[in-house]
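Topology and contacts: notes
Chain by chain, the residues run as shown.
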Amino acid sequence: MIQPVHSLLRRFRRDEDGSAMLMEFAIFVPLLFGAFLMAVEMGVYSMRQMYLDRGLDVAVRYIRLNTHQTFTHNDIKEMICNNTGWLENCDETLRLEMTSVDPRQFASFDQEVDCVDTSLPVKPVRGFTLGKSNEMMMLRACIRFKPVYPTSGLGHAFEKDGTGRAKMVSIAAFVQEP
């Protein structure tokens, strides 16, 4: 005999089988999903950082060994971007800062990082000087990127500029070869 729909729904509503798992499911699934989003964001961030570090290392090696050449901000930026494989808009969002550093007064190095903010008017490059032979140099690169999940977890925790881009910094110190 076929039961009417309203009696089936009434019986379904009164049935308590499986209701004990509903609370655990409702509590743990959002937590696990959030952990998954944070893991993906951290993995992509780590890959971006690795590519930026590699590009900076290759450029620094070239600069260090070719002291007879004069490099501009754009030359070094192009070297880094050519060796970074997977950083989107590298040529637009990468900003470099290179200064001479006294190893005995290293604490005087400016801790504020110079980054591009595409939502503001363009600022001139701050602190970009080429070193001389046997001089210790500090090259700092800052790039802006869009988080994978900007509204959740780690993507939400990043400090962002006016366009929603977070910053990533890489630093290299080297001594100019004679």
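This text follows the structure it describes.
Sequence order as written defines the numbering, with residues in each chain counted from 1. With pLDDT at 70 or above as the cut-off, local features in this predicted model cover only qualifying residues; side-chain atom pairs require 80 or more to be listed or tallied, and sums for whole chains, interfaces and linings still use all residues. Excluded from the side-chain calculations are hydrogens and water; all other atoms, namely the structure's heavy atoms, are used.

Describing the sheet that holds strand β1 (residues 94-100)
As a reminder of what qualifies: What makes two strands pair is DSSP finding at least two bridges between them. Here a strand is any run of E in DSSP of at least two residues, a helix any run of H or I of at least four, and the numbering for each starts at the N terminus. Axis definition: a line fit to C-alpha positions, over the contact stretch in the case of helices; interaxial angles, taken between N-to-C directions, run 0 to 180 degrees.
Reading across from one edge, β1-β2-β3 is the order of the 3 strands in this open sheet, with antiparallel pairing throughout. Two strands lie at the open edges of the sheet, namely β1 and β3 (166-175), each paired on one side alone. Averaged over all pairs of adjacent strands, the angle between their axes in this sheet comes to 15 degrees, without regard to strand direction. In terms of strand pairing, β1 meets strand β2 (residues 136-145) through 7 bridges, oriented antiparallel. Looking at β2, one finds that R95 is bridged to C142.

What to know about the nonpolar core
As a rule of thumb, nonpolar side chains are buried together in soluble globular proteins. Stated precisely, the cut-off is as follows: Put simply, buried Ala, Val, Leu, Ile, Met, Phe, Trp, Tyr and Cys residues joined by side-chain atoms within 4.5 Å make one nonpolar core. Each residue is assigned to one of three classes by its accessible area relative to the maximum for its type, calculated with a 1.4 Å probe on protein chains only: buried under 20%, partly exposed between the two thresholds, exposed over 50%. By the convention used here, residues are in contact when the closest approach between their heavy atoms is within 4.5 Å.
With 25 residues, the main nonpolar core has L52, I76, I80, L94 and L139 as its most contacted residues. Mapped onto this core, the elements with two or more residues apiece are α2 (19-65), α3 (73-82), β1, β2 and β3. Setting aside anything within four residues of it in sequence, one finds L52 in contact with I80, T84, L87, L94, A141, I143, M168, V169 and S170.

Notes on the pairing of β2
With 9 of its 10 residues buried, β2 lies for the most part within the structure. Relative to β3, β2 runs antiparallel, the two being bridged by 10 bridges. In the strand pairing of β3, A141 is matched with S170.

Some words on a nonpolar patch on the surface
Counted only if it meets this: Residues enter patches when they are more than 30% accessible in relative terms and free of salt bridges; like-charged ones are connected within 9 Å and nonpolar ones (Val, Leu, Ile, Met, Phe, Trp, Tyr) within 5 Å. Per-residue accessibility takes into account occlusion by the displayed protein chains alone, with areas from the Shrake-Rupley method and a 1.4 Å probe. Salt bridges are defined by distance alone: a side-chain nitrogen of Lys or Arg within 4 Å of a carboxyl oxygen of Asp or Glu.
Where nonpolar side chains cluster on the molecular surface, the patch consists of M23, I27, F28, L31 and L32 and spans about 560 Å² of accessible area. Relative to the elements of secondary structure, L31 occurs in helix α2. Accessibility expressed as a relative area gives 55% for L31, which makes it exposed.

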